[in-house]
Amino acid sequence: MAGDAVTERGNWGSKMAFIFAASGSAIGLGSIWRFPLYVGRHGGAVFVLTYIIAVIFIGFTVMLAELAIGRHTQSNPVGAYKFIKPNSQWKLLGYLGVVTGVFILSYYSVIAGWAAGYLYKTVIGAFRHLGAMGGAETWATSDRIFKKFAADPLQMIICLFVIIFLTSFVISRGVKSGIERWSKILMPFLFALIVFLAIRALTLPGAGKGLAFFLNPDFSKMTPAVILNAVGQAFFSLSLGMGTMLTYGSYISKKDNLVTSAGWVCFSTTLIAVLAGFIIFPTLFATPGLSPETFEAETGLMFQVLPITISKLPGGYVFGILFFILLLIAALTSTISMLEVPTAFLVDERKWSRKKAAVIIGIVAFFFGIPAALSNGGVKILTKWNLMVRMDQVFGTIALAVGALLISIFVAYVWKAKNAAGEIMLGNTSFRIRPVWMFCIRFVAPVTILIVLVIIVYGLF
Ligand code: PFF
């Protein structure tokens, strides 16, 4: 059965194609918008350090586990657990992924919509006057532009619609080769632009303080909330815990080396996140009148800061446009991967047509996304509840952590770590880090994630 599925479902064109597509899923608003935001909220460099440790020991471990399940079963998440453990409740873990995918897609598209709106604003020159300003006025103006935009119900809903429409369109076409082709060309571009903007930010007068906040850990700021959110951010940014990597892994050829593939995805995602920090923090600290307390509360951090960097750059108009185009594409390669999970489920398990699945889930995600879109000033009560941020906590942190915990337990003790290692070794006969990976999937990952979840439940933070 699994063998036939290979030919029907198709594979990535090459190992590189998988790395680009999986990095396309991983690299997105998580690294560029969410990572700096969490660094700002949770103590600066201690968060960065904890995040990197979480990526290496937990993120990489769980990613390899998801890829192994996917490639072994050649299936969507629900089908995969049914294949390995038939007639058990493990399929519910697949359903959890499908539901989480729809919810993350709904609020994530709101922020992707901000990128679309900011692209438009950059094109019409809405940030040009910031360049001539100095002192606290620059921040105040940029802040005002963002808040006004985020509080405008009509603009928010239109932007949300555009993102969900584009995502559904690509998925309904089944453009696996489209995802491949796009990611291969555009991801290197995004990287080059981010490096360029980071260099500009790092050479702003006063940038050193921002760099210190970002890189020089103050361990007195280490709290349970830092660990919880750093682990959650590792899952979010690496697209783990809901079966996205499992689904993408189901298209990998048996000959490919899963270990180096996962390694590249983890490395490139972390690199982009760190570079995004190199843009945001030096700019923040170089802007008078701001302190970490000011930006702890700012959900739109990146959108308030970037126009400032761009407006102070020769040729900033063009760079601004390019940056928001690429940010939009980075976000879209992620939304596409989110929609792929429920779509693959409905197509494989419920025999829906791909088009019907993509359109209907798109409509559902759009409606779930509307309250989130109106919760940043648009509607008072939703703003007071901070609905979008809450959805991010529930689905983007907790649901992914629960998913990742159950995935590691499933692989380590139900499927058995040695069987998963056997799948991994098909493309990498030596698998030198096998003992380390086995130890991490059996103990390090489940125990750490469990502790983190217990902390949430007891509200100790
Ligand atoms: N990794 C994406 C990002 O960092 O922007 C977000 C994401 C994609 C989360 C896919 C979860 C997922 F399954």
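The structure presented is a predicted model; accordingly, all values stated were derived computationally and were not measured.

1. With respect to the overall build of the protein
The helix and strand inventory of the protein stands at 20 helices and zero strands. A compact globule built from 461 residues should have a C-alpha radius of gyration of about 23 Å, and the protein, at 21 Å, falls within 12% of that. Reported as C-alpha extents along the three principal axes, the dimensions of the protein are approximately 65 × 50 × 40 Å. Burial analysis of the protein (461 residues in total) assigns 60% to the buried set. For the protein, the share of sequence-separated contacts (at least 6 apart) that also reach a separation of at least 24 residues comes to 84%. Split by element, the accessible area of the protein, about 17600 Å² in all, is 70% carbon and sulfur. Put simply, the protein has 36 plus and 17 minus side-chain charges, and the middle of one group is 3 Å from the middle of the other.

2. Let's talk about the packing of helix α4 (residues 45-73) against helix α11 (residues 224-237)
Here α4 crosses α11 at 50 degrees, and the two axes come no closer than 8 Å. The orientation of α4 relative to α11 falls into the category oblique. Judged by the twist between their axes, the crossing of α4 over α11 is right-handed. In contact with V46, F47, T50, Y51, A54, V55, I58 and V62 of α4, α11 contributes V226, I227, N229, A230, V231, Q233, A234, F235 and S237. Looking at side-chain class alone, the contact of α4 with α11 contains 13 nonpolar, four polar and no charged residues.

3. Digging into the nonpolar core
In terms of nonpolar packing, the biggest core is built from 167 residues, with I69, W114, F235, F303, V411 and W437 touching the most fellow members. Looking at this core element by element, the count peaks at 18 residues for helix α19 (residues 387-425). Sequence-distant contacts of F235, that is, excluding residues within four places in its chain, are made with I58, V62, L240, L400, A401, A404 and I449.

4. As for the pattern of salt bridges
Pairs can form between side chains of opposite charge whenever their charged atoms are close. All chains considered together, the criterion is met by seven salt bridges. Note that R34 is salt-bridged to D392, the shortest N-O span being 3.1 Å. Here R34 is found in helix α3 (residues 29-41), whereas its partner D392 is found in helix α19, with 358 residues between them in sequence. Note on accessibility: R34 and D392 belong to one class, buried. Here E423 ties to K254 by a salt bridge, and the two come within 3.2 Å at their closest N and O atoms. Placement of E423 in helix α19 and of K254 in the loop between α12 (244-249) and α13 (258-286) is noted, with a sequence separation of 169 residues between them. Sharing partners across several salt bridges, the network here consists of R71, K254 and E423.

5. Side note on the confidence of the model for the protein
Taken over all residues, the pLDDT of the protein has a mean of 90, while the share at 70 or more is 95%. The model gives residues 1-8 a pLDDT under 50, and that stretch makes eight contacts with residues more than four places away or in other chains.

6. Observations concerning the environment of K147
Within the element layout of this structure, K147 appears in helix α7 (residues 135-150). Accessibility expressed as a relative area gives 38% for K147, which makes it partly exposed. Along the sequence, K147 and G44 sit 103 residues apart, while their C-alpha atoms lie 24 Å from each other. Beyond its immediate stretch of four places on either side in the chain, K147 contacts E298 and Q304.

7. Some points on the packing of helix α6 (residues 91-123) against α19
Where α6 contacts α19, the axes come no closer than 10 Å and their chain directions differ by 145 degrees. Crossing handedness for the pair α6 and α19: left-handed. Residue-level inspection shows L93, L96, T100, F103, I104, S106, Y107, V110, I111 and W114 of α6 in contact with α19, the latter providing M388, M391, D392, F395, G396, A399, L400, V402, G403, L406 and I407. When grouped by side-chain class, the residues that make up the contact of α6 with α19 number 16 nonpolar, four polar and one charged.

8. With respect to the site of the ligand
Near the ligand, the surroundings consist of 15 residues, among which A26, G30, Y108, F236 and T244 are the closest. Residue A26 places a main-chain N or O atom 2.9 Å away from an oxygen atom belonging to the ligand. A distance of 2.4 Å separates an oxygen atom of the ligand from a polar side-chain atom of Y108. When the ligand sits alone it has 340 Å² of accessible area, and the protein chains cover 100% of it. Mapped onto the shell around the ligand, the elements with two or more residues apiece are α2 (15-26), α3, α11 and α16 (316-349).

9. Concerning the side chain of S261
Mapped onto the secondary structure, S261 falls in helix α13. Overall, the relative accessible area of 1% leaves S261 in the buried class. Not counting residues up to four positions away in its chain, the partners in contact with S261 are K15, F18 and I19.

10. Observations concerning a nonpolar patch on the surface
On the surface, L49, I53, I56, F57, F219, M222 and I227 cluster together into a nonpolar patch covering about 620 Å² of accessible area. Looking at where I53 falls in the secondary structure, it is placed in helix α4.

11. Here's the deal with the side chain of S25
Tracing the backbone through its elements, the reader meets S25 in helix α2. We classify S25 as buried; its relative accessible area is 2%. Among the polar contacts listed, one links the side chain of S25 to the side chain of S239, at a separation of 2.8 Å. Those residues within four positions of S25 in sequence are excluded, and the remaining contacts are S239, T244, M245, Y248, T333, S334 and S337.

Procedures and definitions
- Residues numbered from 1 in each chain as written.
- Predicted model: local features only at pLDDT ≥ 70, side-chain atom pairs only at ≥ 80, totals over all residues.
- Heavy atoms only, no water.
- Helix = DSSP H or I, 4+ residues; strand = E, 2+ residues; numbered from the N terminus.
- Rg over C-alpha atoms; globule rule 2.2 N^0.38 Å.
- Buried < 20%, exposed > 50% of the residue type's maximum accessible area, 1.4 Å probe, protein only.
- Contact = heavy atoms within 4.5 Å.
- Areas by Shrake-Rupley, 256 points an atom, 1.4 Å probe, with all protein chains shown as cover.
- Lys, Arg positive; Asp, Glu negative; His and termini not counted.
- Charge placed at Lys NZ, Arg CZ, Asp CG, Glu CD.
- Axes fitted to C-alpha atoms, helices over the stretch in contact; angles between N-to-C directions.
- Parallel < 35°, antiparallel > 145°, perpendicular 65-115°, else oblique.
- Left-handed = near helix turned anticlockwise from the far one by under 90°.
- Nonpolar A, V, L, I, M, F, W, Y, C, P; charged D, E, K, R; others polar.
- Core = buried A, V, L, I, M, F, W, Y, C linked by side-chain atoms within 4.5 Å.
- Salt bridge = Lys/Arg side-chain N within 4 Å of Asp/Glu carboxyl O.
- pLDDT = per-residue confidence, 0-100.
- Near = heavy atom within 4 Å.
- Polar contact = N/O pair within 3.5 Å; in protein donor to acceptor, adjacent residues only side chain to side chain.
- Patch = residues over 30% accessible without salt bridge, like charges linked within 9 Å, V, L, I, M, F, W, Y side chains within 5 Å.

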